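Each chain is listed here by its residues.
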Amino acid sequence: MTAGDVMGDERMRRWRLVLGSEAEPETGTTLSGQDRSVDAALAALYDAGEGESGPQRSAGLGSSAPRVARWLGDIRQYFPSTVVQVMQRDAVERLGITRMLMEPELLGAVEPDVHLVSTLLALNEVMPEETKQTAREVVGRVVAELEARLAERTRAAITGALDRAGRTSRPRHSDIDWDRTIRANLKHFSPALGTIVPDRLIGYARRNHSVQRDIVLAIDQSGSMAESVVYASLFGAVLGSIRTLRTSLVVFDTAVVDLTDQLDDPVDVLFGTQLGGGTDINRALAYCETLVTKPAETVLVLISDLYEGGVREDLLRRARSLVESGVQVIALLALADSGTPSYDAENAAALTELGVPTFACTPDKFPDLMAAAIRHDDITGWAATNIT
């Protein structure tokens, strides 16, 4: 058998797994061994039966807890974690097995990811007490993974921006940044003296760790913003840990809840949200306005799809007032890894006209966005360069 024949057989094998048992005659492939187990795991989720009204999904996974548990174990054995996460989401959506997230034993078997966290938060109010601790553990694992990926980058970006904003060429002796000063004055080395004679000193205008910027995160907790709620809550906790920032975190639907006092634990923040419901952005901005004490040093990040359930004219009037007072207002249509979000284009255009930069942002870009805002950079220009 030639190499080409082997590659052809492998392609047919893969097509057979993708298309299901009905494709066996066309592919000329009969599965054996582990491939049959893989095919069974896929069939339990994706094979359809024909009913009077057309194709209908099998509901086999939902028949018993042991069957679900075995299926979860199978897919974790046969597929990489990224594929497992997709299959889990499909199972919840297509087979109606949301109840598996209500049982501690099954919940402990799933592969945690941001989408699973979103689902757990949406079920929080109806989740049995015996499941809630397991749910917190699953959410905690996802938060820990996200923190490992994003927290240090965020702190480094923010600290660098604050340092740059506070840097001066006439520092007091105790505020001199000796590393930067030496590197900036290497050309002034004196052979006769055997040392550098600095032409200028570089240091910091203030080293007392006083608050230099106020950050207000206003998070729309409507169901469509679930992934953004997860990321925004994590970033709120990270920003809240930086002493030179005063960070407030506000979540809203038709009501407004201030979760600032829970910022030391992002899991508590997440379980303090209530996904779903309507949206009153104007009411949220009205509350955020009460948190502003130094407008020129305040960054307000509104994370919303801008579908306003309140009075649109009041929302725009409030946004204009904040911008005119000197607050740097940024509207993020999404803070998520997923693709182009659905949003109210008319409100987005109106906010842009008022001087509120409006765009979607991925979590990996958010630290640099906040650093640019702290430096008072042109955010519209930053977005044009950094957001694709």
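See the structure shown above.
What counts and what doesn't
Within any chain, residue numbers begin from 1 and follow the written order of that chain's sequence. This being a predicted model, a pLDDT of at least 70 is required before a residue's local features are given, and a value of 80 or more before pairs of side-chain atoms are given or counted; all residues contribute to the totals for chains, interfaces and linings. Calculated side-chain values reflect all of the structure's heavy atoms, with hydrogen atoms and water omitted. Salt bridges are identified by distance alone: a Lys or Arg side-chain nitrogen within 4 Å of an Asp or Glu carboxyl oxygen. By definition, any uninterrupted DSSP run of H or I lasting at least four residues is a helix, any uninterrupted run of E lasting at least two residues is a strand, and each is numbered from the N terminus. Burial classification: accessible surface area is computed with a 1.4 Å probe over protein chains only, and a residue below 20% of its type maximum counts as buried, one above 50% as exposed, and the rest as partly exposed. This arc is built from the directions going out from the helix axis to the C-beta atoms. Throughout, a residue-residue contact means that at least one pair of heavy atoms, one from each residue, lies within 4.5 Å. Polar contacts here mean pairs of N or O atoms no more than 3.5 Å apart (in protein, one a potential hydrogen donor and the other a potential acceptor; neighbouring residues in sequence count only if both atoms are side-chain atoms).

Student: Even after reading the chapter, I still don't get the pattern of salt bridges, so can you show me in this structure?
Tutor: Pairing is possible between side chains of opposite charge, provided their charged atoms come close. All chains considered together, the criterion is met by twelve salt bridges. Two residues, Arg153 and Asp368, come together in a salt bridge whose shortest N-O distance is 3.5 Å. With Arg153 in helix H8 (residues 129-166) and Asp368 in helix H15 (residues 366-374), this residue pair connects regions lying 215 residues apart in the sequence. Owing to a relative accessible area of 34%, Asp368 belongs among the partly exposed residues under this scheme. The partner of Arg312 in a salt bridge is Glu346, with the nearest N and O atoms 3.8 Å apart. Of this pair, Arg312 sits in helix H13 (residues 312-325) while Glu346 is found in helix H14 (residues 345-353), placing the two residues 34 residues apart along the sequence. According to the relative accessible area criterion, Arg312 is partly exposed, its value standing at 25%. Salt bridges sharing common partners tie together Arg149, Asp337 and Asp364.

Student: Teacher, can you tell me more about helix H16 (residues 379-386) here?
Tutor: Spacing of three or four residues puts side chains on the same side of an α-helix, whose turn is 3.6 residues. If you check which residues of H16 are buried, you get Ile379, Trp382 and Ala383. Taken down its axis, H16 places every buried residue within 95 degrees of arc, on the same side. Along H16, exposed side chains directed more than 90 degrees from the buried face belong to Ala384 and Thr385. Considering only its buried residues, H16 is in contact with strand S11 (328-335), strand S12 (358-361) and H15. Here H16 starts with a cap whose side-chain oxygen sits 3.2 Å from the backbone nitrogen of Thr380, and that cap is Asp378.

Student: Just to check I follow, could you spell out the side chain of Thr279 for this structure?
Tutor: As for its position among the elements, Thr279 is in the loop between helix H11 (266-271) and helix H12 (281-291). Contacts of Thr279, omitting those with residues within four sequence positions, involve Asp220, Ser222, Phe252, Asp253, Thr254, Tyr307, Glu308, Gly309 and Gly310.

Student: I keep staring at unusual backbone geometry and nothing clicks. Help me out?
Tutor: Note on backbone geometry: most residues besides glycine have negative phi, and most peptide bonds are trans. Although it is not a glycine, Leu306 adopts a positive phi angle of roughly 70 degrees. Inspection of the secondary structure puts Leu306 in the loop between strand S10 (298-303) and H13. Judged by relative accessible area, Leu306 falls into the buried class, the value being 1%. One non-glycine residue with positive phi stands out, namely His376, at about 65 degrees.

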